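Next come the chains, spelled out residue by residue.
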Amino acid sequence: MTPEMLYALRDQAGVPSHPAVFLILGVLTFALHIAAVQVMLGAAALTLRGAFSTDLKWRRLAAAMITTAKIAVSVAIVLGVAPLLFVQVIYDPFWYTSNVLSAWWVIGFIMLLIAGYIAMYVFYWKNHDIVAEGGRGGGWMVLSLALLLAVGWIVHSLTYQMLFPEQWMDWYAPNGQIDPSGRSLHLSHLPRFLFFIALSAPVTGAWLFAYRRYLQGGKESDGVYLAFLRGLAQQLMLVGGVVAVVIGAVWMLTLPEKMAWFAGSVWMWMALAALLAVVALPLVLREKLDTGFWGYAIFGAGAVALIVVGASREVLRFVTLLGSHGYNALDYRITMDWYSTLLFFITFGVLGGMTLAYLLTVAWKAGQHKGDGPYVPSAGVTRIGQWSVSLLVIWTLLYFGVGFWVWAR
Ligand code: HEM
């Protein structure tokens, strides 16, 4: 594949904002996506580990983690769409070719995801009270985890195949015979995939520290449970962190020749330093973890570390495609569209910010509420909710209004 052929596959309409905007948003949203995936996998695994235990502490944890896992799947999906949008804008020649070559799996991905999510719900429906009754139907949860991992494997293959344009023709027409079926996943790299999956352990450890702090905020009286959570979180972060770093080292040692420059590069060391710093954070904070927002800070720091890992991963892709294939993602033709650029950022910042602030505040306060009767939001919180709905109405009117106006002109 010559650079000219790759450039010819680009969208001739250009991109509506500077390509750097898409590149940066791609990294940020990938980090959020992978964080949600990791919490989802970790929470699902802890549910399985705890639900069938005779130890009530584990069963209580399982009951909390199935709720977390359920929500994390939907967050992972929503936050998966975002990097999908950005990657297909600036890397479209690569992303679409990789997808078309494995089209059957791109569609299959959705089926597996639906089946995996349903399997998780079946487990949930079968288990109304894990603490009192113990777990039932663990096979559903195992199935769910397997299917969700299969989904991740497909995305990984698609992401990886796009980095090898020199092999596309062989996949499309093996031995000169065209195979348009799209039935094969052609390439993957197990250590790379496992690295992102293994990070689930420390990320879930960080999540447990936050969960524990949340319970403390709600005046949790079961000190034994809190101590159990702390020990488990610490263990997941330390042991899981070391395992992930070892798998990361295997990934670096097995990088294909054209990517070998990345191992030992400043980007790799930055990612490693960020991960190790977060893993060590609970050891530094110690008793502070029980005060203020420190218990949550570890997950926040983990998110920052994932952004550093995501940025390094992006450098690996950007430089490989530029250095080995002459494709510069940042020289995409710009057809500046201020309206859509502004609409995007306003939707994201104002509408998204306001709605999320409302939902999170209500969920938070309801969770911390103790006392008689259900939680009733204060007038201030209710006002944020009303604003969220009003903004959504204004946004919808504006969206369709401009569309009709452009159409009628
Ligand atoms: C629910 C199970 C899922 C798992 C376990 C999972 C896991 C992963 C992993 C491990 C990667 C990194 C791959 C690599 O760099 O080699 C990844 C990337 C990605 N995922 Fe997911 N994912 C899941 C669901 C989704 C969904 C539902 C979407 C889309 C709606 C999605 C969109 C993406 C995209 C676009 C990337 C690559 C972004 C890029 O190339 O910069 N994922 N995912």
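K.L.:
Report on the side chain of His156, specifying residues and quantitative values.
P.N.:
On the secondary structure map, His156 appears in helix H7 (residues 138–161). Classification of His156 as buried rests on a relative accessible area of 8%. Every residue in contact with His156, bar those within four places of it in the chain, is listed here: Ser188, His189, Arg192 and Phe193.

K.L.:
Explain the coordination of the iron atom of the ligand to me, using residue names and the numbers behind them.
P.N.:
Only one protein atom coordinates the iron atom of the ligand: His33 (NE2), located 2.2 Å from the metal. Among the secondary structure elements, His33 is positioned in helix H2 (residues 19–51).

K.L.:
Describe the site of the ligand, and please don't skip the residues or the numbers.
P.N.:
Around the ligand there are 23 residues in total, and His33, His156, Arg192, Arg313 and Arg317 lie nearest to it. Note that an oxygen atom of the ligand is positioned 2.7 Å from one of the side-chain N or O atoms of His156. Arg192 places a side-chain nitrogen or oxygen 2.8 Å from an oxygen atom of the ligand. In the shell around the ligand, the residues fall into 15 nonpolar, 5 polar and 3 charged.

K.L.:
Describe a nonpolar patch on the surface, and please don't skip the residues or the numbers.
P.N.:
Judged by side-chain polarity, Ile334, Met336, Trp338, Leu342, Ile346 and Val350 come together as a nonpolar surface patch covering roughly 570 Å² of accessible area. Mapped onto the elements of the fold, Ile346 is located in helix H14 (residues 338–368).

K.L.:
So what's going on with helix H3 (residues 56–90)? Residues and values would help.
P.N.:
Along its 35 residues, H3 runs 51 Å from first to last C-alpha, staying within 8% of the 51 Å computed at 1.5 Å per residue. A side-chain oxygen of the first residue of H3 lies 2.9 Å from the backbone nitrogen of Lys57; this N-cap is Asp55.

K.L.:
Give me the packing of H3 against helix H4 (residues 92–101): which residues, what numbers.
P.N.:
Running from N to C, H3 and H4 cross one another at 110°; their axes reach a closest spacing of 5 Å. Considering their axes alone, H3 and H4 lie roughly perpendicular with respect to each other. Every residue of H4 that contacts H3 at Leu84, Val87, Gln88, Val89 and Ile90 is listed here: Asp92, Trp95 and Tyr96. Taken together, the residues of the contact of H3 with H4 sort by class into 6 nonpolar, 1 polar and 1 charged.

K.L.:
Could you give an account of the nonpolar core, with specific residues and numbers?
P.N.:
Core analysis: the biggest nonpolar cluster contains 94 residues, and Leu61, Tyr91 and Leu208 have the highest contact counts within it. If we ignore the near neighbours within four places in the chain, the residues touching Leu208 are Leu46, Leu61, Met65, Leu232, Ala233 and Leu236.

K.L.:
So what's going on with the domain arrangement of the chain? Residues and values would help.
P.N.:
Domain boundaries assigned for the chain yield domain 1 (3–336) and domain 2 (337–409). Using C-alpha coordinates to define each centre, domain 1 is positioned 27 Å away from domain 2. Listed by partner, the interface residues are 11 residues for domain 1 and 11 residues for domain 2. In total, about 900 Å² of surface goes out of reach between domain 1 and domain 2, with carbon and sulfur atoms giving 61% of it. On the domain 1 side of the interface with domain 2, the three residues burying the most area are Tyr214, Gly218 and Met336, jointly 54% of the side's total. Counting the contacts that link domain 1 with domain 2 gives 0 salt bridges. The tally of links between domain 1 and domain 2 comes to 8 residue pairs in polar contact (both at pLDDT 80 or more).

Each value, and the rule that gives it
- Residues numbered from 1 in each chain as written.
- Predicted model: local features only at pLDDT ≥ 70, side-chain atom pairs only at ≥ 80, totals over all residues.
- Heavy atoms only, no water.
- Helix = DSSP H or I, 4+ residues; strand = E, 2+ residues; numbered from the N terminus.
- Buried < 20%, exposed > 50% of the residue type's maximum accessible area, 1.4 Å probe, protein only.
- Contact = heavy atoms within 4.5 Å.
- Donors = N, O, S within 2.8 Å, 3.2 Å for Na, K, Ca; no water.
- Near = heavy atom within 4 Å.
- Polar contact = N/O pair within 3.5 Å; in protein donor to acceptor, adjacent residues only side chain to side chain.
- Nonpolar A, V, L, I, M, F, W, Y, C, P; charged D, E, K, R; others polar.
- Patch = residues over 30% accessible without salt bridge, like charges linked within 9 Å, V, L, I, M, F, W, Y side chains within 5 Å.
- Areas by Shrake-Rupley, 256 points an atom, 1.4 Å probe, with all protein chains shown as cover.
- Salt bridge = Lys/Arg side-chain N within 4 Å of Asp/Glu carboxyl O.
- Expected span 1.5 Å × (residues − 1).
- Axes fitted to C-alpha atoms, helices over the stretch in contact; angles between N-to-C directions.
- Parallel < 35°, antiparallel > 145°, perpendicular 65-115°, else oblique.
- Core = buried A, V, L, I, M, F, W, Y, C linked by side-chain atoms within 4.5 Å.
- Domains from an automatic or database assignment.
- Buried area = accessible area lost by both parts, 1.4 Å probe.

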